[in-house]
Amino acid sequence: MPSLRHRRLSIAMLALFGALAGAASGYWLGHVTLLRTANAGLSSYASDLIGHSDEYAVELGNIRKAFNPSPYPFCSRQEITLMQTLTFRSLQVKEIGRTHEGKFYCSAFVGRLDVPKPLPPLTMTTTGGTHVYSDSRLTFAPTATGTILEGGDVDVVLSPNAFDHWNRPHVRYMVVVVNGKTGQMAYLAGSRLDVDLPWILAQKETRKGGDLYRSRCSSRYDVCIVTEESASEILQGNRALLLEYCGMGGAAGFGLGLALGQFYLRRIGLAQQFRRALRRGTLELVYQPILELPSRACAGAEALTRWSDEEGNAISPEIFVRMAEDRGLIGQLTSFVVQRSIEEVGWILRKNPELTLSINIAASDLEGEALFALLDRYVRKAGIRPRQIALELTERSTADLDVVRRAVLRLHHEGYQIHIDDFGTGFSSLAYLHELAVDAIKVDRTFTRTIGTDAVTASILPQILSLAESLQLEVIVEGVETEAQAEYLIATGKRMQAQGWCFGKPVTASQLPKYQEQRRGSPDASHANDEVAASRSE
Ligand code: C2E
Ligand code: MG
Ligand code: MG
């Protein structure tokens, strides 16, 4: 087993590695989440701006309607006053004027020109026939430029700040007018984004050069919006959140690394401890009584290994038996159980020749000579009959069937009993087991549990009992936990044996005679320890 310092260091390294990997994953998760949220925000921002631009388009339409037809003569004092009133009321229009055949005649600000002025060079025309003049020098403010929209002999100068009310930090937008038929485009408001406009509008959602873009076009007017946000700005602006993600990921990774490290080292440590326990013989055996039905007389007991690790934690046989199988230690375990069990209860068997000691073996035990030699030696030494030893081979064993068949026949020939453990959980057929010279099957406790229930498998137990009877195979029913289950088995009228908590939990070798005595009157229990001690020292 690794030293405590070495173990602690390994766990700490794993935890550290887990923390680093967790922090990196946390950063990545935070990064992805932030960009996803920003993308969703950009999309909804673009949709909102389209909504506002539609409202403005309605307002522009209303201004145009006010002069088509005009209630006053063209560029009259009253018409100019109406233009001044509408300009004053509007949020997005800085100036309203009247035009005719490419010339500008009068406006709210400038009044009536003595000599009409030609309109600036045309930038584009919308599908609705509105002329757009981008970046045009303004008559009422000669040092400024702005966007002029003209249609129906009315022109308006758009406010460059019309959308300022909707500005959001870190996000830029551009409002453009687009002619879907000619493909012409012109800037209307917002930031002048340096982008390939047709491409961005076709993409709708894209990321280019570290910037995220979303675009939306109005379904009613020739207006489109592009929104843009820099990914690095998003991440920088949310550094605290990213740190939180890193921290959470790191903490989770640290915990996972710690747990994994402990689990892994425990598994390695456990195998080494088990090896040591085998070498030192510090494993313990308990014996679970097996009873005859219907008499309930004790027919024998099954030896079951118990082991606690070096910290005193009881380890389940399901774990250490599998571990022993995986690490090639099962032969040593079987050898330990054969020796120790015969040492501990051999004297009881000698005095009660009708009793059987059941020992669990693994299929791999049947491959060599070791088991044969060991049995021969200890059975002979204890002065018991081979028939009093039942070797339990689990039905799920994966082994070369030929090897198993030969070994089983040989053991049978030498007088040992062969019992098939956990019957019903594997694939063997009863007929095949009969051919194999098996003496008994131990019906798995999953079938015992179905007694008295509506489970679909409830009918299997009676079928197994009948078939085993017709093939003259002995039956031992495992896991009998309740009196009702015992009564059910007795009521079948068939001869069988049973084992389970209803009849008794596993007991130590020294308690076994007392148990047996209660059942049918047998040697003095107090005698047990002396006999065990004597047989060990032989
Ligand atoms: P198994 O050979 O089928 O042994 C019976 C298991 O069922 C034992 O569990 C026993 O304690 C348990 N049991 C007995 N009566 C009842 C009951 O009424 N209800 C329930 N729920 N359980 C009951 P255990 O001791 O935990 O052993 C588990 C398995 O580990 C054994 O199943 C056996 O396959 C294996 N095992 C135990 N000791 C050894 C050993 O020394 N060598 C080998 N190769 N396998 C062993
Ligand atoms: Mg067993
Ligand atoms: Mg079993």
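Note: the structure precedes this text.
None of these values were measured; they are calculated from a predicted model. (Residues numbered from 1 in each chain as written. Chains lettered and ligands numbered in written order. Predicted model: local features only at pLDDT ≥ 70, side-chain atom pairs only at ≥ 80, totals over all residues. Heavy atoms only, no water.)

### Here's the deal with the site of ligand 1
What counts, and what does not: Residues are labelled near a given molecule or strand when at least one of their non-hydrogen atoms is within 4 Å of it. What qualifies as a polar contact is a pair of N or O atoms within 3.5 Å, subject to a donor-acceptor requirement within protein and to the restriction that residues adjacent in sequence count only when both atoms come from side chains. For the accessible areas, the method is Shrake-Rupley and the probe is 1.4 Å, while residue cover comes only from the protein chains on display.
Not every one of the 23 residues close to ligand 1 is listed here, only the nearest: Gln288, Glu302, Thr305, Asp421 and Glu481. At 2.9 Å, a side-chain N or O of Arg306 approaches an oxygen atom of ligand 1. Asp421 places a polar side-chain atom, nitrogen or oxygen, 2.8 Å from an oxygen atom of ligand 1. Relative to its unbound accessible surface of 790 Å², ligand 1 loses 88% to contact with the protein.

### So, the coordination of the magnesium ion (ligand 2)
We count it as follows: For Na, K and Ca the donor cutoff is 3.2 Å, while for all other metals N, O and S atoms must lie within 2.8 Å; water is not among the atoms, so some sites may look incomplete. Put simply, DSSP H or I for four residues or longer makes a helix, DSSP E for two residues or longer makes a strand, and each gets a number counted from the N terminus. Only protein chains enter the accessibility calculation, which uses a 1.4 Å probe. A residue is then buried if its area is under 20% of the maximum for its type, exposed if over 50%, and partly exposed in between.
The protein atoms donating to the magnesium ion (ligand 2) are Glu302 (OE), Asn360 (OD1), Glu392 (OE) and Asp421 (OD), with metal-donor distances spanning 1.9 to 2.2 Å. If you look at the magnesium ion (ligand 2) and the magnesium ion (ligand 3), they sit 4.3 Å from each other and are both ligated by Asp421. In this pair, Asn360 is assigned in strand S16 (residues 356-361) and Glu392 in strand S17 (residues 389-394), connecting sequence segments 32 residues apart. Judged by relative accessible area, Glu392 falls into the buried class, the value being 1%.

### Topic: the sheet that holds strand S10 (residues 205-208)
Operational definition: Two strands qualify as a pair provided that DSSP identifies no fewer than 2 bridges between them. Inter-axis angles, ranging from 0 to 180 degrees, are taken between N-to-C directions of lines fitted to C-alpha atoms, where helices are fitted over the stretch in contact.
Spatially, S9-S8-S12-S11-S10 is the arrangement adopted by the five strands of the open sheet, whose pairing is antiparallel. The sheet terminates laterally at strand S9 (185-190) and S10, the two strands that pair on one side only. Adjacent strand axes in the sheet meet at a mean angle of 25° when their direction is disregarded. Bridge count for strand S8 (residues 171-178) against strand S12 (residues 223-230) is seven bridges, and the pairing is antiparallel. Within S12, the residue paired with Val177 across the bridge is Val223.

### Considerations on the nonpolar core
Note the following rule: To form a nonpolar core, buried Ala, Val, Leu, Ile, Met, Phe, Trp, Tyr and Cys residues must be joined to one another through side-chain atoms within 4.5 Å. Working rule for contacts: check all heavy atoms of both residues, and any pair within 4.5 Å makes them a contact.
One finds Phe274 and Ile389 to be the most contacted residues of the largest nonpolar core, which totals 79 residues. With ten residues, the top contributor of residues to this core is helix H7 (residues 330-351). If near-sequence neighbours (up to four positions away) are discounted, Ile389 is found in contact with Ile342, Leu349, Thr356, Leu357, Ile359, Leu375, Val379, Ile384, Tyr416 and Gln417. Core analysis: the next-biggest nonpolar cluster, separate from the first, contains 42 residues, Val154, Val171, Val223 and Ile225 among them.

### Side note on the packing of helix H5 (residues 239-280) against helix H6 (residues 317-326)
Note the following rule: For classification purposes, an angle smaller than 35 degrees is called roughly parallel, one larger than 145 roughly antiparallel, one from 65 to 115 roughly perpendicular, and anything else oblique. When residues are grouped by polarity, Ala, Val, Leu, Ile, Met, Phe, Trp, Tyr, Cys and Pro land in nonpolar, Asp, Glu, Lys and Arg in charged, and all others, Gly among them, in polar.
Packing of H5 against H6 brings their axes to within 11 Å, and their N-to-C directions diverge by 85°. One way to sum up the angle between H5 and H6 is to call them roughly perpendicular. Residues Leu270, Ala271 and Phe274 of H5 form the contact with H6, whose participating residues are Ile319, Phe320, Met323 and Ala324. When grouped by side-chain class, the residues that make up the contact of H5 with H6 number seven nonpolar, no polar and no charged.

### Considerations on the packing of aromatic side chains
Stated precisely, the cut-off is as follows: In this analysis, rings of Phe, Tyr and Trp, with Trp reduced to its six-membered ring, are considered paired at centre separations within 6.5 Å, and the interplanar angle assigns stacked below 30 degrees, edge-to-face beyond 60, and tilted for intermediate values. Consider the ring centre and the ring normal. A charge sits over the ring if Lys NZ or Arg CZ is within 6 Å of that centre and within 35 degrees of that normal.
Inspection of every chain in the model, using the stated rule, returns eight aromatic pairs. Pairing Tyr45 with Tyr173 gives two aromatic rings, centres 6.1 Å apart and planes at 90°, and the pair type is edge-to-face. Of this pair, Tyr45 sits in helix H1 (residues 4-66) while Tyr173 sits in strand S8, and the two are 128 residues apart along the sequence. With respect to class, Tyr45 is no different from Tyr173; both count as buried. In textbook terms, an aromatic cluster arises when at least three aromatic residues are bridged by ring pairs, as seen for Tyr45, Tyr56, Phe163 and Tyr173. Across the ring face of Phe372, the terminal group of Arg410 is positioned such that the distance to the ring centre comes to 3.8 Å.

### Concerning the sheet that holds strand S3 (residues 111-118)
Taken together, seven strands build an open sheet; the order of strands is S3-S2-S1-S7-S6-S5-S4 and the sheet is antiparallel. The outermost strands of the open sheet, each flanked by one partner alone, are S3 and strand S4 (124-125). The pairing of strand S5 (residues 131-137) with strand S6 (residues 145-151) spans five bridges and is classified as antiparallel. The residue bridging Ser136 from the neighbouring strand is Gly146, located in S6. Lying on the sheet, helix H2 (residues 77-89) is in contact with strand S1 (93-100), strand S2 (103-107) and S3; it crosses S1 at an angle near 150°.

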